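Observations on the model geometry
One letter stands for each residue in the lines below.
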Amino acid sequence: MRTLNPDAPDVARPDPAAFFETVHRAFEHADHAAGGSDRWYLIAGHPVRLRFAGSTLIPVITPALEHLSTAPVARPALTVCLWDVESLLPRVPAPPWRMHGDINSQASRSYSDERIHISFDIGTGVLSMVDDAADLAVYCVRDARRLPGYEIGAPLKPILQRAMRGRGGQLVHAAAVGRPDGGALLVGKGGSGKSTTALTCLGTELLYAGDDYCMLSTGSVPYAHSLFNSAKVYAEDLGRFPRLAALPSRLDDLGIDKALVFLHPDQREWITTGFPVRAILVPQVTGRQETSAMPISPAAALKALAPSTIFQLAGMDHSTLGLLATCVRRVPCYALHLGSTLSAIPRVIQDVLASGGAP
Amino acid sequence: MYGGSGMSTGLYFKVNSPSVVHEVFDDEVVIINLDTGVYYSVNGVGAEIWTRIDGAVVGDIIDDLASRYATPASDVEASVRPFLDELGAEGLIVPNQTAPGESPRRPTRDTADVPPRLPRFEAPVLRKYSDMQELLLLDPIHEVDEVGWPVRPNGADEQHPKDRA
């Protein structure tokens, strides 16, 4: 094992497109050897084909997406090649992270140019790559058995972000609840209460589009597309959500005691594939009993939405802030002061949506 | 980088793009430093200064604010200079090196006709938020395997930031 000095010049700088082709060929070999199968999903309205080499990854990746299952089409918008090869990565040359990069974090390294996006998540051991010219992506997992719950509950994010970005979509760190005629984005960093707020809406008139991520289409009316039907809640909090507690769940096997629950298929009636965004809500936990909503400035909403989106998700760049700013300028924004009576929260959100701009 | 409290009034700056991105709203500017993971907001006089950073000479900014707020230029300067120092220290602005013979870009509008944002001059304030910084802390020395793939150093704990789970 050698230590990498980031200031040292690159010794080997493979061509990104050639590197993509190298890894894609590896997938084709794996597919030929192990056999393959396809799954199809409608992601932000676009048909996406998942090609699985072997079967190991199917029960790991598909549950979060199953509510978006769709019929095959002749021309998918994107084809993703997925496989799990425990010993593949050491045989593949490292990609050119340091030629120039996106926003790198402690947990990931990435590279982007006009055609190719590459990201490697150090924590999950997942290599994600997109070739825009071919509408082709690869998702290579070092070991499916060690994939953590936070990836199983929300897989393929770097790929979906890159692929949908060229189609008017923007992956955001936000929960989303609403009705087919309109709903709310819940924005804020982890621990701010957006996931809990989304979970309180389960089984009410407000349908669930996600508790942590969704795909935002930034047209004249922003639209929130559901990506994952998963929900995450600390095991000790399951009692506060009896409807969730009744569903099968798995505790994150990395020991952080968060239960991962899939709402599909058992509670598919709670789920929506998306809605026009009519309000942006910034949850804030208060010490009071009652919940209320108060208008806030678009700038305040942007401060809640943009930093966690930009710094948590791979594939963001300098234009992301502008896209998010467009959204907060186009819909009313509110602080959602959360009270301790959880059952009252959905009514306040419904009142905000019904008011069309005033709580 | 520049003279700090001794900076020349003829000095001018620019936003440190592309590392720094920003959005201007009616009453506030949201600024993000993509390299550090820190984000900021300025409003009032601070927002006015920020929207003039690109291409404006420091002395002109000071004179303009003094005129619009009917405040002695010395008073304005006493708070604007530290503010600019702070913007520079945070990596948000850098000196604008214009080639000899070229003039800095001047605002095309007559700012004397633009009403001030506040009823009276208030010292500009840079609000700083570093709660996202932990997601971006770079590990400058990272272990790699034989062909260059990053791996966690032996014995390092798995990362479980709250935002990832």
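Since we're looking at a predicted model, the values are computed, not measured.

**With respect to the overall build of chain B**
Within chain B one finds 3 helices and 8 strands. Within the span of chain B, comprising 165 residues, buried residues form 29% of the whole. Of all intrachain contacts in chain B linking residues separated by at least 6 positions in sequence, the fraction that spans at least 24 positions is 69%.

**Some points on the sheet that holds strand E3 (residues 28-33) of chain B**
Residues and elements named next belong to chain B. Taken together, the 4 strands give an open sheet; going across it, the order is E2-E3-E4-E6, and neighbouring strands pair in antiparallel fashion. The two strands at the open ends of the sheet, each matched to only one other strand, are strand E2 (20-24) and strand E6 (127-129). Strand after strand, the sheet turns through a mean of 20° between neighbouring axes, direction not considered. Looking at chain direction, E2 and E3 are connected through 5 bridges and run antiparallel.

**Some remarks on helix H1 (residues 45-52) of chain B**
Helical periodicity: at 3.6 residues per turn, an α-helix aligns residues three or four positions apart in one direction. Residues and elements named next belong to chain B. The element H1 is extensively covered by neighbouring structure, given that 6 of its 8 residues are classed as buried. Taken as a whole, H1 has its buried residues at Val45, Gly46, Ala47, Glu48, Ile49 and Trp50. Residues of H1 that are buried in the fold lie against E3, strand E4 (38-43), helix H2 (58-68) and helix H3 (73-89).

**With respect to the domain arrangement of chain A**
Where the parts come together, the accessible area they lose is often given as the size of the interface. Residue and element names in this part refer to chain A. What the domain assignment reports for chain A is domain 1 (16-165) and domain 2 (170-355). For domain 1 and domain 2, the distance between their C-alpha centres works out to 26 Å. Counting residues at the interface gives 28 residues for domain 1 and 31 residues for domain 2. Ranked by residues supplied to the side of domain 1 that touches domain 2, first place goes to helix H4 (residues 157-165) with 7 residues.

**Some details on helix H8 (residues 320-330) of chain A**
For H8(A), the full list of buried residues reads A:Thr320, A:Leu321, A:Leu324, A:Ala325, A:Cys327 and A:Val328. Projected onto a plane normal to the axis of H8(A), the buried residues spread over an arc of 160° and lie on a single side.

**Quick notes on the packing of helix H7 (residues 298-312) of chain A against H8(A)**
Residues and elements named next belong to chain A. Running from N to C, H7 and H8 point in directions that differ by 145°, and their axes come no closer than 9 Å. Read as a crossing pair, H7 and H8 show a hand that is right-handed. Between H7, through Pro298, Ala301, Leu302, Leu305, Ala306, Thr309 and Ile310, and H8, the contact on the second element is made entirely by Thr320, Leu321, Leu324, Ala325, Val328 and Arg329. Tallied by class, residues from the contact of H7 with H8 come to 10 nonpolar, 2 polar and 1 charged.

**Focus on the nonpolar core**
All names here are of chain A. Core analysis: the biggest nonpolar cluster contains 147 residues, and Ala137, Val177, Leu281 and Ala301 have the highest contact counts within it. Top contributing element to this core by residue count: H7, with 9 residues. Here this core spans two domains, and each of domain 1 (16-165) and domain 2 (170-355) adds at least three residues to it. Setting aside anything within four residues of it in sequence, one finds valine 177 in contact with Gly183, Ala184, Ala198, Cys201, Leu206, Leu207, Tyr208, Ala209 and Ile349.

**Observations concerning the packing of H2(B) against H3(B)**
Residues and elements named next belong to chain B. Two elements in contact, H2 and H3, have axes whose closest approach is 9 Å; the angle formed by their N-to-C orientations is 130°. Classified by the angle their axes make, H2 and H3 are oblique. Relative to H3, the crossing made by H2 is right-handed. When H2 is examined against H3, the residues Val58, Ile61, Ile62, Asp63, Leu65 and Ala66 are found in contact with a partner set consisting of Ala73, Val76, Glu77, Val80 and Leu84. Here the contact of H2 with H3 is composed, by residue class, of 9 nonpolar, no polar and 2 charged.

**A look at the pairing of strand E7 (residues 126-131) of chain A**
Walk down a regular strand and you will see the side chains alternate between the two sheet faces. Residues and elements named next belong to chain A. Taking burial as the measure, the 6 residues of E7 include 5 buried ones, the bulk of the element. Relative to E7, strand E6 (residues 116-121) is paired through 6 bridges, and the arrangement is antiparallel. Counted as the bridge partner of isoleucine 116 is aspartate 131 from E7. Linkage of E6 to E7, two consecutive antiparallel strands, is achieved through a turn of 4 residues, within which glycine 125 is found at a positive phi near 70°. Two elements, E7 and strand E8 (residues 136-141), share 6 bridges in a ladder whose sense is antiparallel. By the bridge assignment, serine 128 is partnered in E8 with tyrosine 139. Adjacent in sequence and paired antiparallel, E7 and E8 are bridged by 4 residues, among which aspartate 135 carries a positive phi angle near 50°.

**Focus: the pairing of strand E12 (residues 213-217) of chain A**
All names here are of chain A. Among the 5 residues that make up E12, 5 are buried, leaving the element largely enclosed by the rest of the structure. On E12, burial covers both faces: Tyr213, Met215 and Ser217 on one face and Cys214 and Leu216 on the other are all buried. Here 5 bridges tie strand E9 (residues 169-179) to E12, and the two strands are oriented antiparallel to one another. Of the residues in E12, the one forming a bridge with leucine 171 is methionine 215. Of the strand pairs in this sheet, E12 and strand E13 (residues 223-226) are connected by 4 bridges, and their pairing is antiparallel. Bridging from a neighbouring strand, cysteine 214 pairs with serine 226 of E13. Following E12, the chain reverses through 5 residues before pairing antiparallel with E13.

**Considerations on the confidence of the model for chain B**
Residue and element names in this part refer to chain B. Per-residue confidence for chain B averages 77 on the pLDDT scale, and 64% of its residues sit at or above 70. Below a pLDDT of 50 lies the segment residues 1-5, which in the model reaches 12 contacts outside its immediate sequence neighbourhood of four places, other chains included. Counted against residues more than four places away or in other chains, residues 156-165, with its pLDDT under 50, gives 22 contacts. Across the interfaces of the predicted complex, the ipTM metric reaches 0.87, alongside a pTM of 0.87.

**Thoughts on the environment of A:Leu216**
Residue and element names in this part refer to chain A. Relative to the helices and strands, leucine 216 is located in strand E12. Between the alpha carbons of leucine 216 and glycine 168 there is a distance of 8.3 Å; along the sequence they are 48 residues apart. Excluding its chain neighbours within four sequence positions, the residues that come into contact with leucine 216 are Gly169, Gln170, Val172, Pro222, Ala224 and Cys327.

How each quantity is defined
Residues numbered from 1 in each chain as written. Chains lettered and ligands numbered in written order. Predicted model: local features only at pLDDT ≥ 70, side-chain atom pairs only at ≥ 80, totals over all residues. Helix = DSSP H or I, 4+ residues; strand = E, 2+ residues; numbered from the N terminus. Buried ≥ 20, exposed ≤ 12 C-beta atoms within 10 Å, placed from the backbone. Contact = placed C-beta atoms within 7 Å. Pairing = 2+ DSSP bridges. Axes fitted to C-alpha atoms, helices over the stretch in contact; angles between N-to-C directions. Domains from an automatic or database assignment. Arc of directions from axis to C-beta. Left-handed = near helix turned anticlockwise from the far one by under 90°. Nonpolar A, V, L, I, M, F, W, Y, C, P; charged D, E, K, R; others polar. Core = buried A, V, L, I, M, F, W, Y, C linked by C-beta atoms within 7 Å. Parallel < 35°, antiparallel > 145°, perpendicular 65-115°, else oblique. pLDDT = per-residue confidence, 0-100.

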